[in-house]
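Residue-level structure breakdown
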Amino acid sequence: LMAVDLAVDLLLFCPPQSGNESNDGLYTGDGSVDIKGNPVLKSNTGNWRACPFILGTECCERLAYYGISTNLVSYLTKKLHEGNVPAARNVTTWQGTCYLTPLIGAVLADAYWGRYWTIAAFSTIYFIFDDTDSAERVKKGSFFNWFYFSINIGALVSSSLIVWIQDNAGWGLGFGIPALFMGIAIASFFSGTPLYRFQRPGGSPVTRMCQVVVASCRKWNLAVPGDSSLLYETPDKNSAIEGSRKLLHTDELKCLDKAATIADAEAKSGDYSNPWKLCTVTQVEELKILIRMFPIWATGIAFSAVYAQMSTMFVEQGMVMDTSIGSFTIPAASLSTFDVISVIFWVPVYDKVLVPIARKLTGKERGFSELQRMGIGLFLSVLCMSAAAVVETRRLAIAKELGVVDDPVAVPLSIFWQIPQYFLLGAAEVFTFIGQLEFFYDQSPDAMRSLCSALSLLTTSLGNYLSSFILTVVTSLTTRGGQTGWIPDNLNEGHLDYFFWLLAGLSFLNMVIYYFCAKRFKSKLAS
């Protein structure tokens, strides 16, 4: 407690940050402050001393979420007696809606409340380190790995202990435990308040983007100067956008540069105060960054559709396999434990083994770039769906051999044959989802980080909706003319393997598109 009090005292008596102080090594250079709004000393805030509170919060919060989502398809089919397709569709729709809510928190965080009070209100995590410090940039990359590790510790408890409680001790207790851990998550977050760094709200990012579009349209007939230094930018060292560094001009999307072009009337009057007529280069570059990130962002949707199968079709596939070990019966949803084990295995291997090797080979401080990391994950997702299809093909072959195609019974094929698909999916998560977190955090404008982080979560939301849509279309097309369809309530007479092969094919096509998008992507240039 005394150490915490000392840190608070040091923070409270920090002098106001001037232009020189931000770069003298004592203070953060990204404009972050303490809870009172004063500049923060690097030595007493952020870094790994603040991480346990964030990681503990995320572990408990994810335990609460996965405690509901992991076994939800079983609840819908067993307790509410829904069919396989409606149950899977309802789960993915519910998950998709859950991942839409961060967009609301993101706008509030970036524009009005700041991240801390938004987290306090909605218990949604968006956390700062200092981008202007090279040592902290390396640590931040490691933080994202352990952040995801903590998520999966919570998921491990949910997919094993809580799933067992739900199947054997009752759904009331099984859903009550996650609520308890959500309370613990909130307490953990507030406990670390003195150690956090706070990014000042920079105003509404949506408004700033609209201003660029409107100003560009107003000056559509105005020629953009060949010398980018003639474009409008504040003379101050800091950006006009609160909590944001200046962004350097790029030559892409020059039509948007019209928004920063100074008209003769503006030059004569000296009035540059109307952002709906004249925007700064930094403001224009913010919109350019979002446009450049869009193709990369879009390719994450198909991956999330694959990931959604873990809590839907993988579980339904496991329910018609041999789930017994002696006298003990394994809940089908508990096989997602191997996805979590895979993540827990790959995070330290990636952080402590692969990154140092790649760092020596590539010379990059993080070993792999975010784009390379995401590409590897997309390739693994193709292998994951292929493995699931192979297992289902074998399961259906056994059902045919035993003559139980017309009977809705489990086939004597051990559920542990699902382990490879779960393990591959876990590896894909480590590369793709963590790569996404890093990519959207690093490449986003400083004052739009919450929004861009929420956009990365939006791919999960849209991926779940895409999964629901694919299920609906597949069911509609394959049941025409009175046909059984690929995914009937009795999976023994269906062709779930075809559905998995379809997703494998879509994942491969998505990976090819991603390759060309990533090859053309240009990183942001911050001052």
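Just so you know, these numbers come straight off a predicted model, no measurement behind them.

A few words on the overall build of the protein. Broken down by element type, the protein carries 17 helices and 4 strands. Expressed as a percentage of the 527 residues in the protein, the buried residues total 54%. Within the protein, residue pairs in contact and separated by at least 24 positions form 81% of the contacts whose partners lie at least 6 positions apart. For the protein, the exposed area adds up to about 22,100 Å²; of that, 65% sits on carbon and sulfur atoms.

Angle between the axes and distance between the axes: these two values describe a pair of packed helices. Running from amino to carboxyl end, helix 14 (residues 370-402) crosses helix 17 (residues 496-520) at an angle of 165 degrees, the nearest separation of the two axes being 8 Å. For the element pair helix 14 / helix 17, the angle class is roughly antiparallel. Of the two elements, helix 14 crosses helix 17, and the hand of that crossing is left-handed. Considered class by class, the residues forming the contact of helix 14 with helix 17 number 19 nonpolar, 7 polar and 3 charged.

On to the packing of aromatic side chains, then. Using the criterion set out here, one finds 16 aromatic pairs in the structure. Seen from their ring centres, Phe-345 and Phe-423 are 6.2 Å apart, and the 40 degrees between their planes marks the pair as tilted. Remark: Phe-423 occurs in helix 15 (residues 419-443) and Phe-345 occurs in helix 13 (residues 337-362); sequence separation between them is 78 residues. Judged by its relative accessible area of 30%, Phe-423 is partly exposed. Judged by centre distance (5.5 Å) and plane angle (75 degrees), the rings of Trp-486 and Tyr-498 are edge-to-face. Within this pair, whereas Trp-486 is found in the loop between helix 16 (449-478) and helix 17, its partner Tyr-498 is found in helix 17, the two being separated by 12 residues in sequence. According to the relative accessible area criterion, Trp-486 is partly exposed, its value standing at 24%. On the accessibility criterion, Tyr-498 (38% relative accessible area) is partly exposed. Three or more aromatic residues joined by ring pairs form one cluster here, namely Phe-314, Tyr-422, Phe-499 and Phe-500. The side chain of Lys-258 reaches across the aromatic face of Trp-220, ending 5.9 Å from its centre. Directly above the ring of Tyr-350 sits Arg-373, whose terminal nitrogen or CZ lies 3.7 Å from the centroid.

Relative to the 39 Å expected for 27 residues at 1.5 Å per residue, helix 11 (residues 281-307) spans 39 Å between its end C-alpha atoms, a close match to the ideal helical length. Of all the bends in helix 11, the greatest reaches close to 40 degrees and is centred on Phe-294; the proline Pro-295 follows between one and four positions later. By the criterion of burial, helix 11 is predominantly enclosed, with 23 of the 27 residues buried.

As enumerated under the stated definition, the model contains 9 salt bridges in all. Taking the shortest distance from any N to any O, the salt bridge between Lys-288 and Asp-257 comes out at 2.9 Å. Of the two residues, Lys-288 is situated in helix 11 and Asp-257 in the loop between helix 9 (205-218) and helix 10 (264-269); the sequence distance between them amounts to 31 residues. Both residues of the pair, Lys-288 and Asp-257, count as buried.

A separate point is the packing of helix 13 against helix 15. Interhelical geometry of helix 13 versus helix 15 gives an angle of 45 degrees and a closest axis separation of 8 Å. Judged by the inter-axis angle, helix 13 sits oblique to helix 15. Considering only the axes of helix 13 and helix 15, their crossing is right-handed. Listed contacts from helix 15 to Phe-338, Asp-339, Ser-342, Val-343, Phe-345, Trp-346, Val-347, Tyr-350 and Leu-354 of helix 13 are Ile-419, Tyr-422, Phe-423, Leu-425, Gly-426, Ala-427, Glu-429, Val-430, Phe-431 and Ile-434. Of the residues belonging to the contact of helix 13 with helix 15, the class tally is 15 nonpolar, 2 polar and 2 charged.

As a further point, take the side chain of Ser-467. Checked against the element boundaries, Ser-467 lands in helix 16. With a relative accessible area of 1%, Ser-467 lands in the buried category. Not counting chain neighbours up to four residues away, the residues in contact with Ser-467 comprise Thr-92, Ala-305, Ala-308 and Gln-309.

On the surface, Trp-164, Ile-325, Phe-328 and Phe-416 cluster together into a nonpolar patch covering about 370 Å² of accessible area. Mapped onto the elements, Ile-325 comes out in strand 2 (residues 324-325). Residue classification places Ile-325 among the partly exposed residues on the basis of a relative accessible area of 45%.

On to a negative patch on the surface, then. There is a patch of like negative charges on the surface, built from Asp-406, Asp-407, Asp-489 and Glu-493. If you trace the backbone, Asp-407 turns up in the loop between helix 14 and strand 4 (411-414).

What follows covers the UniProt feature "transmembrane region" (unreviewed entry) in the protein. Under the UniProt annotation, "transmembrane region" (unreviewed entry) lies at residues 146-165, 171-190, 289-308, 328-350, 371-391, 422-441, 453-478 and 498-517. End C-alpha to end C-alpha, residues 371-391 measures 31 Å, and it is 100% helix and 0% strand.

Our next topic: empty space enclosed by the protein. Applying the stated criterion across every chain yields a total of 4 cavities of 30 Å³ or more. A volume near 200 Å³ is recorded for the largest cavity. If you trace the largest cavity, you find 20 residues lining it, with Tyr-66, Ser-69, Tyr-307, Met-310 and Ser-311 closest to the centre. A breakdown of the residues in the lining of the largest cavity according to their chemical character gives 10 nonpolar, 9 polar and 1 charged.

Moving on, we get to unusual backbone geometry. Positive phi values are uncommon outside glycine, yet Leu-253 reaches one of about 50 degrees. Position of Leu-253 relative to the elements: it lies in the loop between helix 9 and helix 10.

The next subject is the pairing of strand 4. By the alternation rule, side chains of strand 4 split into Val-411 and Leu-413, which are all buried, and Pro-412 and Ser-414, of which none is buried. Here 2 bridges tie strand 1 (residues 321-322) to strand 4, and the two strands are oriented parallel to one another. By the bridge assignment for strand 4, Met-321 is matched with Val-411.

Looking at the element boundaries, Phe-433 is found in helix 15. The spatial distance from the C-alpha of Phe-433 to the C-alpha of Leu-457 is 9.3 Å, given a sequence separation of 24 residues.

About the thresholds
Residues numbered from 1 in each chain as written. Predicted model: local features only at pLDDT ≥ 70, side-chain atom pairs only at ≥ 80, totals over all residues. Heavy atoms only, no water. Helix = DSSP H or I, 4+ residues; strand = E, 2+ residues; numbered from the N terminus. Buried < 20%, exposed > 50% of the residue type's maximum accessible area, 1.4 Å probe, protein only. Contact = heavy atoms within 4.5 Å. Areas by Shrake-Rupley, 256 points an atom, 1.4 Å probe, with all protein chains shown as cover. Axes fitted to C-alpha atoms, helices over the stretch in contact; angles between N-to-C directions. Parallel < 35°, antiparallel > 145°, perpendicular 65-115°, else oblique. Left-handed = near helix turned anticlockwise from the far one by under 90°. Nonpolar A, V, L, I, M, F, W, Y, C, P; charged D, E, K, R; others polar. Phe/Tyr/Trp six-rings, centres within 6.5 Å; stacked < 30°, edge-to-face > 60°. Lys NZ or Arg CZ within 6 Å of the ring centre and 35° of its normal. Expected span 1.5 Å × (residues − 1). Bend = angle between axes of the 7 residues up to and from the residue. Salt bridge = Lys/Arg side-chain N within 4 Å of Asp/Glu carboxyl O. Patch = residues over 30% accessible without salt bridge, like charges linked within 9 Å, V, L, I, M, F, W, Y side chains within 5 Å. Lys, Arg positive; Asp, Glu negative; His and termini not counted. Charge placed at Lys NZ, Arg CZ, Asp CG, Glu CD. UniProt positions renumbered as here; feature names shortened; annotations may be inferred. 1 Å grid on protein atoms, 1.4 Å probe; cavity = no way out; pocket = protein on both sides within 12 Å on 5 of 7 lines; lining within 4 Å. Points joined across faces, edges and corners; volume = space filled by probe spheres on them. Pairing = 2+ DSSP bridges.

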